[in-house]
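Observations on the three-dimensional arrangement
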Amino acid sequence: MYEEEKKLAAMEALKYVHSGMKIGLGTGSTTKYFLEGLGEMVESGKISDITGVPTSIRTEELARSHGINTVNNMEGIEIDFDGADEFDPAGNLVKGGGGALVREKIVAYNSRDVYIMADHSKFSQRLHNFPLPVEVLPFMEESTRRNIERIGCTSIFRDGKKFRSDNGNYIIDCKFEYTDPDLESRIKMIPGVVEVGIFRGIATRIFMGNGENCRIMDFKKS
Ligand code: 5RP
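Residues numbered from 1 in each chain as written. Predicted model: local features only at pLDDT ≥ 70, side-chain atom pairs only at ≥ 80, totals over all residues. Heavy atoms only, no water.

**Focus on the overall build of the protein chain**
Within the protein chain, the regular secondary structure consists of six helices and 14 strands. Since a compact globule built from 222 residues should have a radius of gyration of about 17 Å, the 17 Å found for the protein chain is in line with a globular shape. Dimensions of the protein chain, computed from C-alpha atoms along their principal axes, come out at roughly 55 × 35 × 30 Å. Across the 222 residues that make up the protein chain, the buried fraction comes to 52%. Sequence separation of 24 or more characterises 73% of the internal contacts of the protein chain that already satisfy a separation of 6 or more. Of the roughly 10300 Å² that the protein chain leaves accessible, carbon and sulfur atoms contribute 50%. (Helix = DSSP H or I, 4+ residues; strand = E, 2+ residues; numbered from the N terminus. Rg over C-alpha atoms; globule rule 2.2 N^0.38 Å. Buried < 20%, exposed > 50% of the residue type's maximum accessible area, 1.4 Å probe, protein only. Contact = heavy atoms within 4.5 Å. Areas by Shrake-Rupley, 256 points an atom, 1.4 Å probe, with all protein chains shown as cover.)

**Here's the deal with the site of the ligand**
Close to the ligand lie 17 residues, the nearest being S29, T30, D85, G96 and K122. A distance of 2.9 Å separates an oxygen atom of the ligand from a polar side-chain atom of K95. In this structure, an oxygen atom belonging to the ligand sits 3.4 Å away from a main-chain N or O atom of G99. Taking 380 Å² as the accessible area of the ligand by itself, protein coverage stands at 92%. With respect to the detected pockets, the ligand is housed in the largest pocket. Along the lines of polarity and charge, the residues of the shell around the ligand split into two nonpolar, nine polar and six charged. (Near = heavy atom within 4 Å. Polar contact = N/O pair within 3.5 Å; in protein donor to acceptor, adjacent residues only side chain to side chain. 1 Å grid on protein atoms, 1.4 Å probe; cavity = no way out; pocket = protein on both sides within 12 Å on 5 of 7 lines; lining within 4 Å. Sits in = over half its atoms within 2 Å of the grid points. Nonpolar A, V, L, I, M, F, W, Y, C, P; charged D, E, K, R; others polar.)

**Description of empty space enclosed by the protein**
Inspection of the entire model under this criterion finds one cavity of 30 Å³ or more. Quantified by volume, the largest cavity comes out at close to 30 Å³. What lines the largest cavity is T55, G99, A100, L101, V102, R103, E135, S165, D166 and N167. Looking at the lining of the largest cavity element by element, the count peaks at three residues for helix α4 (residues 101–109). (Points joined across faces, edges and corners; volume = space filled by probe spheres on them.)

**With respect to the packing of helix α1 (residues 3–14) against helix α2 (residues 29–43)**
For any two helices packed against each other, one specifies the inter-axial angle together with the distance between the axes. Put simply, α1 and α2 touch, their axes get as near as 8 Å, and they point 50° apart. Between α1 and α2, the angle is such that the two are oblique. Judged by the twist between their axes, the crossing of α1 over α2 is right-handed. For the pair α1 and α2, contact is made by E3, K6, K7, A10, M11, A13 and L14 and by S29, T30, Y33, F34, G37, L38 and M41, respectively. Partitioning the contact of α1 with α2 into residue classes produces eight nonpolar, three polar and three charged. (Axes fitted to C-alpha atoms, helices over the stretch in contact; angles between N-to-C directions. Parallel < 35°, antiparallel > 145°, perpendicular 65-115°, else oblique. Left-handed = near helix turned anticlockwise from the far one by under 90°.)

**With respect to α1**
Its twelve residues give α1 an end-to-end C-alpha distance of 16 Å, which sits within 8% of 16 Å, the value for a rise of 1.5 Å per residue. Along α1, the positions that sit buried rather than exposed are E5, K6, A9, A10, E12, A13 and L14. For α1, the secondary structure elements touched by its buried residues are α2, β4 (77–82), β7 (111–119), β13 (205–210) and β14 (213–218). (Expected span 1.5 Å × (residues − 1).)

**A few points about the sheet that holds strand β6 (residues 93–94)**
Pairing is antiparallel across the open sheet formed by three strands, whose spatial order is β5-β6-β12. In the strand order of this sheet, the two ends are held by β5 (86–87) and β12 (198–199), each with one partner. (Pairing = 2+ DSSP bridges.)

As structure tokens, then:
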């Protein structure tokens, strides 16, 4: 859905990539457009010497297939380019629809800037549309799920536990009436929780495809 808007956002974000940069590479269909565009720029010789820090195994494979060099060293990442499942006017994000939230948050946290690319359907006044992904250890995971539900949500294991993250963990999708960004620390304190898909105060710029235009929103990293 909204493929043209995703492409538009990715193409706009690509304008900020220059030769010699070290960048974070997110996960998902919008990032895929970004990687395809980046690959074309590298292949045509328009830019060179790009190093990418991938947030998932599939992004790593995709980047390499486009001739982009990848490393897992977090030092000196200038801009992280990633997608989002939902975002609000303050730039808070819900991420993890692709199950890559742990690595996505580590890379985002270690980047000077975080540029998010999305279509307009991801924008909400209050985060409530997308069930919040929470990654949990595969140990007493049913208890962990019940403990998360006590905070005030209903939840299910992604694909009935068939889905495992790149880290070998389960993802629980949690449906809150409103995903208050303050919930991040409360959920993270529950034993067994590895990471929560709330990205608060991390995005510095959001590119939102909107019809035939791309709207750019700027935020300060807190
Ligand atoms: C993966 C993510 C993605 O960024 C998010 O799911 C958005 O994906 P898409 O660009 O396919 O809509 O958080 O874990």
